[in-house]
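Listed here are the chains, written in short residue letters.
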Amino acid sequence: MEIHLGHVVTPSSGTDATPGALLDIPRGAVVTDGPVIVTVGPADEVVAGYTRSAASPVVHDHGGKLIVPGFVDCHVHYPQIGMIASPGEQLLDWLDRYTFPAEARFADLAHARATASFFTDQLICHGVTTALVYSTVHPHSVDALFTAARERGLRIITGKTCMDRNAPAELLDTPETAQSQSAALLERWHGVDRLEYALTPRFAPTSSDAQLEALGELADSYPDVVVQTHLSENVGEIGWVGELFPDAVDYTDVYDRVGLVRERSVFGHGVHLTDRELDRLGSVHASVAHCPTSNNFLGSGLFPLAASLHTAPGLRIGFGSDVGGGTSLSPLATAGEAYKVSRLIASSGDGDAVAPLSAAELLYYSTLGGARALGVDAHVGSLEPGKDADLVILDATESSGNAVLANRAAECTSTEELLFALMLLGDDRAVDRVVVNGVPDAPR
Ligand code: GUN
Ligand code: ZN
């Protein structure tokens, strides 16, 4: 049994909880028992309860530092960590110039293993304890990531990226191998510890109809597994999809007609969705991963989060880093960028003015919203008894090494202000400790 004392801040998952609702306990305690949270409450009450009991818990006093839930990254490419910040024209040019060559290097198992180790270490450094990740077309890239994640206790969902056209020959599979290799990996890994498999067609332009159908068949056999792909990210991409799939009603329909649009289908970006597409996604509780640093870096556009939810209240939304299109693994940086996007949309809005995202909402989409988008909110996303013991200790003082953040934080007069400053100014330096599935990482 371990007690973490500090400033506890978490979304709460009550049925009537809104993205803006926070549980805020300035001197709070989170008690973990192995991999599970057993108690969350005011420190004095919780500590008194345990000192009276026979068990003598280990106490970690984090002082005034924040204790928040482990962050959830709903969309990230681990093979792209080495080519982050490579400037391309826009999406399709960037894929050809940097992304495909970087992914081709994963034919080498040793490279896949080394990258998986580095990537999973970095997830933890940045406070990410749950992530939906793209591997490469090579099945051993999935084995490498799952192995590294399992060693570290992370909750990782990944799959082999399937592509059978419009990419270099060395990165192509076929409808048959996409199905058979995905099925074999799923059988090997799905449900092992905190690992889950995701069916992963890269995006419509790199899959033939036959390949999408083959993956749709697999999805049908495994109705609960996650599906991940990209959707409506870039205007040029959308035009190309229209040419490649002339019979589809729109981009969403390309996936829908083969059975890939359902609950736990997580679509990266969704920047330019029509009302019809949003309606359809919302009606089945599908998810969009909002990837603001990537959308800005690649000039893809501004995802209209509030308007999308207004059109499709059933839609599930979480944040994604989309590294290497995204420019940071830090959920704080992603949230800060999401704020700026929402600010731009709010300021340019005519008619119904929409407020930009609040700090509480930004924390929600980085944690519980993301967990709901991935369908893992029964386990993670908030600090609540019964959930996995994934905790991030955030430091906004001088000891973080971020003097500008510390200077600003000293002036903050509310939890919301402090969270906001952390998201606009913070990065991995603000992550003091991370508890992954009950196990605290080594102090930095
Ligand atoms: N669309 C298809 N593949 C990719 C990718 O690797 N990154 C991004 N941002 N968009 C994509
Ligand atoms: Zn992506």
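Residues numbered from 1 in each chain as written. Chains lettered and ligands numbered in written order. Predicted model: local features only at pLDDT ≥ 70, side-chain atom pairs only at ≥ 80, totals over all residues. Heavy atoms only, no water.

So the rule is basically this: UniProt positions are given in the numbering used here, feature names are shortened, and annotations may be inferred rather than shown by experiment.
The name given to the chain in an unreviewed UniProt entry is Guanine deaminase, and the organism recorded there is Corynebacterium provencense. Checking UniProt for the chain, the heading Pathway (unreviewed entry) contains the comment "Purine metabolism; guanine degradation; xanthine from guanine: step 1/1."

### Looking at the site of ligand 1
The test is simple: We call a residue near a molecule or strand whenever a single non-hydrogen atom of that residue lies within 4 Å of it. Polar contact criterion, stated in full: a pair of N or O atoms within 3.5 Å, where within protein one must be able to donate a hydrogen and the other to accept it, and residues adjacent in sequence count only if both atoms are side-chain atoms. Reported accessibility uses the Shrake-Rupley method at a 1.4 Å probe radius. Residues are deemed covered only where the shown protein chains occlude them. In this analysis the probe radius is 1.4 Å and the grid spacing 1 Å, with only protein atoms considered; a cavity is a set of points the probe fits into but cannot get out of, a pocket is an open set with protein on both sides within 12 Å along at least five of seven lines, and lining residues have an atom within 4 Å of a point. A molecule is said to be in a cavity or pocket once over half of its atoms fall within 2 Å of that pocket's grid points. Labels follow the DSSP assignment, with helices taken as runs of H or I lasting at least four residues and strands as runs of E lasting at least two, numbered in each case from the N terminus. Each residue receives one of three labels: charged for Asp, Glu, Lys and Arg, nonpolar for Ala, Val, Leu, Ile, Met, Phe, Trp, Tyr, Cys and Pro, and polar for the others, Gly being one of them.
Among the 13 residues in the neighbourhood of ligand 1, the closest are listed as H77, Q80, R202, E233 and D322. In this structure, Q80 approaches ligand 1 through a side-chain N or O atom, which is 2.9 Å from an oxygen atom. Within the contact set of ligand 1, a nitrogen atom lies 2.7 Å away from a side-chain nitrogen or oxygen of D322. For ligand 1, the accessible surface in isolation is 280 Å², of which the surrounding protein chains cover 100%. The cavity that encloses ligand 1 is the largest cavity. Per element, the largest residue contribution to the shell around ligand 1 is four residues, and it comes from helix α2 (residues 91-104). Its residues placed into classes, the shell around ligand 1 shows four nonpolar, six polar and three charged.

### Let's talk about the environment of A167
The condition is simple: Categorising residues by exposure relies on relative accessible area from a 1.4 Å probe, with only protein chains included: less than 20% of the type maximum marks a residue as buried, more than 50% marks it as exposed, and the intermediate range marks it as partly exposed.
By the secondary structure assignment, A167 is in the loop between β8 (161-162) and α5 (175-189). Look at A167 and you get buried, because its relative accessible area is 17%. Separated by 167 residues in the primary sequence, A167 and T334 place their C-alpha atoms 29 Å from one another.

### Topic: the pairing of strand β1 (residues 2-11)
How we decide: Any two strands with at least two DSSP-identified bridges between them are counted as paired.
Among the 10 residues that make up β1, nine are buried, leaving the element largely enclosed by the rest of the structure. Two strands pair when backbone bridges link them, and β1 and strand β4 (residues 58-69) are joined in this way by six bridges, in the parallel orientation. Looking across to β4, one finds that H4 is bridged to H60. As judged from the nine bridges shared by β1 and strand β2 (residues 22-33), these two strands associate in the antiparallel manner. Paired with V9 across the bridge in β2 is D24.

### With respect to the nonpolar core
Our working definition: Residues enter a nonpolar core if they are buried and are Ala, Val, Leu, Ile, Met, Phe, Trp, Tyr or Cys, with the set joined through side-chain atoms within 4.5 Å. Residues are treated as being in contact if the distance between any of their heavy atoms lies within 4.5 Å.
Y78, F119, I156, Y255, L394 and L422 are the most contacted members of the largest nonpolar core, which totals 106 residues. Each residue touching Y255, except ones within four places of it in the same chain, is listed here: F203, A204, L212, T229, H230, L231, L260, V261 and F267. If you look at the next biggest cluster of nonpolar residues, it comprises 14 residues, including V226, V266, A371 and L374.

### Some thoughts on the layout of surface pockets
For clarity, the cut-off: Grid points are joined across faces, edges and corners, and a volume is the space filled by probe spheres set on the points.
What the largest pocket holds in volume is close to 420 Å³. Taken together, 21 residues make up the lining of the largest pocket; nearest its centre are L305, A306, A307, V354 and A355. Every element with two or more residues in the lining of the largest pocket is listed here: α11 (305-311), α12 (331-348) and α13 (359-366). For the lining of the largest pocket, the per-class residue count stands at 15 nonpolar, four polar and two charged. The space that makes up the second largest pocket amounts to roughly 220 Å³. Around the second largest pocket, the lining residues are P19, L309, P313, L315, R316, I317, Y364, Y365, G369 and R372. Contributions of two or more residues to the lining of the second largest pocket are made by β13 (316-319), α13 and α14 (368-374). A class-by-class count of the residues in the lining of the second largest pocket yields seven nonpolar, one polar and two charged.

### Some remarks on the pairing of strand β15 (residues 431-436)
Consecutive side chains of a regular strand alternate in pointing toward one face of the sheet and then the other. Counting buried residues along β15, six of its six residues qualify, which places the element largely inside the surrounding structure. The pairing of β15 with strand β16 (residues 439-440) spans two bridges and is antiparallel. Bridging from a neighbouring strand, V435 pairs with P440 of β16. Between β15 and β16, which pair antiparallel in sequence order, lie two residues; one of them, N437, sits at a positive phi of approximately 55°.

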